[in-house]
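Observations on chain architecture
So you can see what is in the structure, the chains are spelled out below.
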Amino acid sequence: MSVLSETIDWFSRSSTWSGNDGIPHRLVEHLGYTALTVGIAAVVAVPLGLYIGHTGRLRGLAVAFTGAVRALPTLGLLTWFALLVGLGLTAPITALVLLAVPPLLAGVYSGVESVDQRTVDAARAQGMTEIQILTRVEVPLGLSIILGGLRSATLQVVATATVGAFIGLGGLGRYIIDGQRSSDYPQMLGGSLVVVVLALLLDGAWAIAQSLTSGRHTRVLV
Amino acid sequence: MSLKKIGALAAVATLGLGLAACGGDPTEGDAAASDTIVVGSADFPENEIIAEIYAQALEAKGIKVEKKLRIGAREAYIPALEKGEIDLLPEYSGNLLAYFDKDTTATSTEQVDDALDDALPSKLEVLDAAPAEDKDSLNVTKKFSTDNGVTSIADLSKVKDLKLAANPEFKTRNYGIPGLEKVYGIKDVDFTAISDGGGPNTLKALLEGKVDVANIYSTTPSIKANDLVTLEDPENLIAAQNVIPVINKKKASDKVEDVLDAVSEKLTTEDLLDLNGQNQGDDKVAPATLAKQWLEDKGLV
């Protein structure tokens, strides 16, 4: 039997769909890690990105920082953090947050910066405070690009969260790591396909959110 | 160029190469000259050290040796052995057997050695196994051992909510979770898969008490360094992995066998722990140097 037909076989087994090793449980775990990571990354990156985008300060630093962090290999960071803090959620989530912050930060400040400077000046001339300009003009007008940052961060995290399985975490990475170590390639391919489908679905959801916030819809939100 | 000419040229070339390659036996084919032994090794330090020991011991007795070390995994070097590209390599008995006989049930040293003789392809043979073993071993901290009265895997059945860390494959292999239940009646193990082969992350989980038991290869220096207790395995759940020379039959002359048997007789698990410790410790002593030292210490050169 080819790996492909064995993979179809793997998907059709009832054991693949039930219990702690079943796809539903692993999928929920995986979504949990992804949500937690993107959530923490947003808490860090969104305020910082708004500040950079609105004031233009620290921009050079942010560009250099995000560029450097993007170059760090997540698997290496993960192993290192696990050696520092031990097993559990902290090490993998920290490593993944470092992966998610650069695209998110870039999305937020680019979104705010993308707003036409004349529009911002007009708002200021009308007597809006800086906070009002940010929340009522810059964020709504740049929302599509800001969501683009969230979209790209989510996509990277959902695909990379599989490395958590390397140090004992659950999630869909279990199929890939376990399958490889026990030469169970159908399980490995099956797990990868679930990750791919999940990534495409999440990306699609963000794409819809983005299209809803661009163009004429923007006015509704303002 | 006409076909005839190509054919003639090929014939001449083959003849020339054949004459150049073998001084004696024309059936040797593409193997190295018949009096040279090509020593290979797997791609990890311990195996390289043992291969160096074999090579230097043979050289000391005037046997011509060529080294092709760090070849890779079993899937790469066993075919090379069968083709005659290498002649001799240090192996681990249980894993070697499992490579040729996936359904084997042999686990004790004697069973494995017997089964190996039948399982090996006709071109290859194994010589005497050394007492030294490098295999999966279940370890606990000294404190856990004393507190729970655990010195053997069998004792683990009385520990409640047992937490165990090992490589992911431990979950499905015969010697892993299924074997713990079948052979020792240990059920409901909370299993954590850590993919570092009993390396630093596994060790940390054990030392911090995140897990009670950790699977660490028996010749890993960290076992000694952290005073861990390696659990006995009275039912031979984990197959024996004695270090054993596997050799091309054509190259296994009496003289070669005598040299390697003398090496195997002296090589112990303690030695491997010590050699690995020196190789991976702060000094990072090179395999060739370690091999030379060991042979001198044992009076073999």
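The structure presented is a predicted model; accordingly, all values stated were derived computationally and were not measured.

A count of helices and strands for chain B gives 12 helices and 10 strands. Each of the 301 residues in chain B was classed as buried or not, and the buried ones make up 49%. Residue pairs in contact within chain B that sit at least 24 positions apart in sequence constitute 73% of those at least 6 positions apart. Accessible area for chain B stands at about 14,400 Å²; split by element, carbon and sulfur atoms hold 51% of it.

All right, on to the environment of A209(A) then. Structurally, A209(A) can be placed in helix 9 (residues 185-213). The sequence separation of A209(A) and L143(A) amounts to 66 residues, and the corresponding C-alpha distance is 9.9 Å.

With that settled, consider the interface of chain A and chain B. With 18 residues of chain A at the interface, the matching set in chain B holds 16 residues. Taken over both partners, the interface formed by chain A and chain B buries close to 1,400 Å², and the fraction arising from carbon and sulfur atoms is 52%. The interface formed by chain A and chain B includes 1 salt bridge. Here K171(B) and D21(A) are joined by a salt bridge, their closest N and O atoms 2.6 Å apart. The interface formed by chain A and chain B includes 6 residue pairs in polar contact (both at pLDDT 80 or more).

A pair of packed helices is characterised by two quantities: the angle between their axes and the separation of those axes. All names here are of chain A. Their axes nearest at 10 Å, the elements helix 6 (residues 117-125) and helix 7 (residues 130-160) cross at an angle of 145°. As helix 6 runs across helix 7, the sense of the crossing is right-handed. Every residue of helix 7 that contacts helix 6 at T119, V120, A123 and R124 is listed here: E130, I133, V137, E138 and L141. Grouping the constituent residues of the contact of helix 6 with helix 7 by class yields 5 nonpolar, 1 polar and 3 charged.

Right, let's talk about the sheet that holds strand 5 (residues 136-140) of chain B for a bit. All names here are of chain B. Read across the sheet, 5 strands follow the order 7-6-8-5-9 without closing on themselves; strand pairing throughout is mixed. Looking at strand neighbours, the two that pair on one side only are strand 7 (190-193) and strand 9 (229-230), the edges of this open sheet. Taken together, the 2 bridges between strand 5 and strand 9 define a ladder with antiparallel strand orientation. Bridging from a neighbouring strand, V140 pairs with V229 of strand 9.

If you walk through the whole model with that rule in mind, you get 7 aromatic pairs over all chains. When the ring of W10(A) is compared with that of F11(A), the centres are 5.1 Å apart and the planes differ by 70°; the resulting orientation is edge-to-face. Of the residues examined, F11(A) reaches a relative accessible area of 24% and is grouped as partly exposed. Relative to Y92(B), the ring of F44(B) has its centre 6.1 Å away and its plane inclined at 25°; by these criteria the two rings are stacked. Of this pair, F44(B) sits in the loop between strand 1 (36-40) and helix 2 (45-60) while Y92(B) sits in strand 3 (residues 88-92), and the two are 48 residues apart along the sequence. Overall, F44(B) belongs to the partly exposed group, its relative accessible area being 33%. Three or more aromatic residues joined by ring pairs make a cluster, and in this case those are W10(A), F11(A) and Y175(A).

Okay, unusual backbone geometry next. With the exception of glycine, the majority of residues adopt a negative phi angle, and the majority of peptide bonds are in the trans configuration. In this model, L58(A) sits at a positive phi of 60°, which is unusual for a non-glycine residue. Tracing the backbone through its elements, the reader meets L58(A) in the loop between helix 2 (23-55) and helix 3 (59-70). Positive phi outside glycine occurs at D227(B), with the angle close to 60°. Mapped onto the fold, D227(B) is located in the loop between helix 9 (221-225) and strand 9.

Glancing now at a negative patch on the surface. A cluster of acidic residues, E110(B), D114(B), D117(B) and D118(B), forms a negative patch at the surface. Following the sequence through the fold, D118(B) ends up in helix 5 (residues 109-119).

For the rest of this paragraph, the subject is the domain arrangement of chain B. Residues and elements named next belong to chain B. Per the domain assignment, the segments making up chain B are domain 1 (31-133 + 241-297) and domain 2 (136-230). Taken over C-alpha atoms, the centre of domain 1 sits 28 Å from the centre of domain 2. At the junction of the two partners, domain 1 supplies 9 residues and domain 2 supplies 5 residues. Across the interface of domain 1 and domain 2, roughly 580 Å² is buried in total on both sides, 57% from carbon and sulfur atoms. When the buried surface of domain 1 facing domain 2 is broken down by residue, E133, L273 and N276 rank first, second and third, together holding 54% of it. On inspection of domain 1 and its partner domain 2, the count reaches 1 salt bridge. Joining domain 1 to domain 2, the criterion identifies 3 residue pairs in polar contact (both at pLDDT 80 or more). The dominant element in the side of domain 1 that touches domain 2, judged by the number of residues it contributes, is helix 11 (residues 269-280), at 7 residues. Looking at the side of domain 1 that touches domain 2, its residues break down into 2 nonpolar, 4 polar and 3 charged.

The next subject is the confidence of the model for chain B. Residue and element names in this part refer to chain B. Model confidence for chain B is summarised by a mean pLDDT of 88, while 89% of its residues fall at 70 or above. Contacts for the low-pLDDT stretch residues 14-32, under 50 throughout, to residues beyond four places or in other chains number 9 contacts. Scoring of the predicted complex yields 0.72 for pTM and 0.71 for ipTM.

This paragraph deals with helix 7 of chain A. Between its first and last C-alpha, helix 7 of chain A extends only 38 Å over 31 residues, short of the 45 Å set by a 1.5 Å rise per residue. Considering bend angle alone, the principal kink of helix 7 of chain A is centred on L143(A) and spans about 65°.

Our next topic: the nonpolar core. Residue and element names in this part refer to chain B. Membership of the largest hydrophobic core comes to 33 residues, with the highest contact counts inside it found for L58 and V243. Counting residues per element, the ones that place at least two in this core are strand 1, helix 2, strand 3, strand 10 (243-248), helix 10 (254-266), helix 11 and helix 12 (287-297). Among the elements that take part in this core, helix 2 stands out by supplying 8 residues, more than any other. Look past the residues within four positions of L58 in its chain and what remains in contact with it is I37, I63, V65, L88, V256, V259 and L260. Counting 23 residues, the second largest nonpolar core, distinct from the first, contains I153, L156, V189 and I238.

About the thresholds
- Residues numbered from 1 in each chain as written.
- Chains lettered and ligands numbered in written order.
- Predicted model: local features only at pLDDT ≥ 70, side-chain atom pairs only at ≥ 80, totals over all residues.
- Heavy atoms only, no water.
- Helix = DSSP H or I, 4+ residues; strand = E, 2+ residues; numbered from the N terminus.
- Buried < 20%, exposed > 50% of the residue type's maximum accessible area, 1.4 Å probe, protein only.
- Contact = heavy atoms within 4.5 Å.
- Areas by Shrake-Rupley, 256 points an atom, 1.4 Å probe, with all protein chains shown as cover.
- Buried area = accessible area lost by both parts, 1.4 Å probe.
- Salt bridge = Lys/Arg side-chain N within 4 Å of Asp/Glu carboxyl O.
- Polar contact = N/O pair within 3.5 Å; in protein donor to acceptor, adjacent residues only side chain to side chain.
- Axes fitted to C-alpha atoms, helices over the stretch in contact; angles between N-to-C directions.
- Left-handed = near helix turned anticlockwise from the far one by under 90°.
- Nonpolar A, V, L, I, M, F, W, Y, C, P; charged D, E, K, R; others polar.
- Pairing = 2+ DSSP bridges.
- Phe/Tyr/Trp six-rings, centres within 6.5 Å; stacked < 30°, edge-to-face > 60°.
- Patch = residues over 30% accessible without salt bridge, like charges linked within 9 Å, V, L, I, M, F, W, Y side chains within 5 Å.
- Lys, Arg positive; Asp, Glu negative; His and termini not counted.
- Charge placed at Lys NZ, Arg CZ, Asp CG, Glu CD.
- Domains from an automatic or database assignment.
- pLDDT = per-residue confidence, 0-100.
- Expected span 1.5 Å × (residues − 1).
- Bend = angle between axes of the 7 residues up to and from the residue.
- Core = buried A, V, L, I, M, F, W, Y, C linked by side-chain atoms within 4.5 Å.

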